[in-house]
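Below, each chain spelled out in residue letters.
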Amino acid sequence: MEITGKIIVALPEVGGTSAKGNVWKKREYVLETQETYPKKVAFNFFGDRVDQFPLQVGQVVKISFDIDSREFNGRWYVDIRAWKAEAPDQATAGAAPAAAPSYGPSTQMPGGYATPGAPVPPPAVDLAPSPTDDLPF
């Protein structure tokens, strides 16, 4: 999977030694997508990838990642483990975002219909009471 956004948080590197004696290290980041409704996504690099992909706050990147879930003491934990980081494609980075679709009237109206933007006359209103009108207002 892939996601593109700006790094807004870079947490310090953590590490240690496993019970089997293996040395490990991990670095976590938070990325904010650049959409109409931005989302914040926390992910991490593990092992040698920590040094391979040093990211900075404010940097716009495209992250390739895998999602993994695990159970511990009856609770489930989700881990977003990145395995690659790169600059977004230059063509999409410099381009303006796609225009929002227009849901207004079409500019090519069938015959007999007013063109968009043309003033529409108000409907004729007869203010004289009707003999069948029994409403008090």
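Residues numbered from 1 in each chain as written. Predicted model: local features only at pLDDT ≥ 70, side-chain atom pairs only at ≥ 80, totals over all residues. Heavy atoms only, no water.

## Looking at the environment of Lys40
- You can see Lys40 is positioned in strand β4 (residues 40-46).
- Lys40 sits 33 residues away from Ile7 along the chain, and the two C-alpha atoms are 9.5 Å apart.
- Beyond its immediate sequence surroundings of up to four residues, Lys40 is in contact with Ile8, Val30, Leu31 and Glu32.
- Side chain to side chain, Lys40 and Glu32 meet in a polar contact 3.2 Å long. (Helix = DSSP H or I, 4+ residues; strand = E, 2+ residues; numbered from the N terminus. Contact = heavy atoms within 4.5 Å. Polar contact = N/O pair within 3.5 Å; in protein donor to acceptor, adjacent residues only side chain to side chain.)

## Structural notes on the pattern of salt bridges
- Inspection of the entire model under this criterion finds eight salt bridges.
- With a closest N to O distance of 3.9 Å, Glu2 and Lys62 form a salt bridge. A residue pair is termed long-range when its members are at least 10 positions apart, and Glu2 in strand β1 (residues 2-10) and Lys62 in strand β5 (residues 60-72) qualify at 60 residues.
- Judged by relative accessible area, Lys62 falls into the buried class, the value being 15%.
- For Lys84, the salt bridge goes to Glu86, with nearest N and O atoms at 3.9 Å.
- Here Glu86 falls in the partly exposed class, since its relative accessible area comes to 28%.
- When salt bridges that share partners are traced, they join Glu2, Lys62, Lys84 and Glu86 into one network. (Salt bridge = Lys/Arg side-chain N within 4 Å of Asp/Glu carboxyl O. Buried < 20%, exposed > 50% of the residue type's maximum accessible area, 1.4 Å probe, protein only.)

## So, the side chain of Thr33
- Mapped onto the elements, Thr33 comes out in strand β3 (residues 23-33).
- Residue classification places Thr33 among the buried positions, given a relative accessible area of 5%.
- Within polar-contact distance, the side chain of Thr33 engages the backbone nitrogen of Lys39 at 2.8 Å.
- Setting aside its immediate chain neighbours within four residues, Thr33 contacts Ile3, Thr4, Gly5, Pro38 and Lys39.

## Some words on the packing of aromatic side chains
- Using the criterion set out here, one finds five aromatic pairs in the structure.
- On the basis of an interplanar angle of 25° and a centroid distance of 5.6 Å, the ring pair of Tyr29 and Phe43 is categorised as stacked. Placement of Tyr29 in strand β3 and of Phe43 in strand β4 is noted, with a sequence separation of 14 residues between them.
- On the basis of relative accessibility, which here comes to 1%, the residue Tyr29 falls in the buried class.
- Taking relative accessible area as the criterion, Phe43 reaches 3% and is therefore assigned buried.
- Seen from their ring centres, Phe43 and Phe45 are 6.0 Å apart, and the 85° between their planes marks the pair as edge-to-face. (Phe/Tyr/Trp six-rings, centres within 6.5 Å; stacked < 30°, edge-to-face > 60°.)

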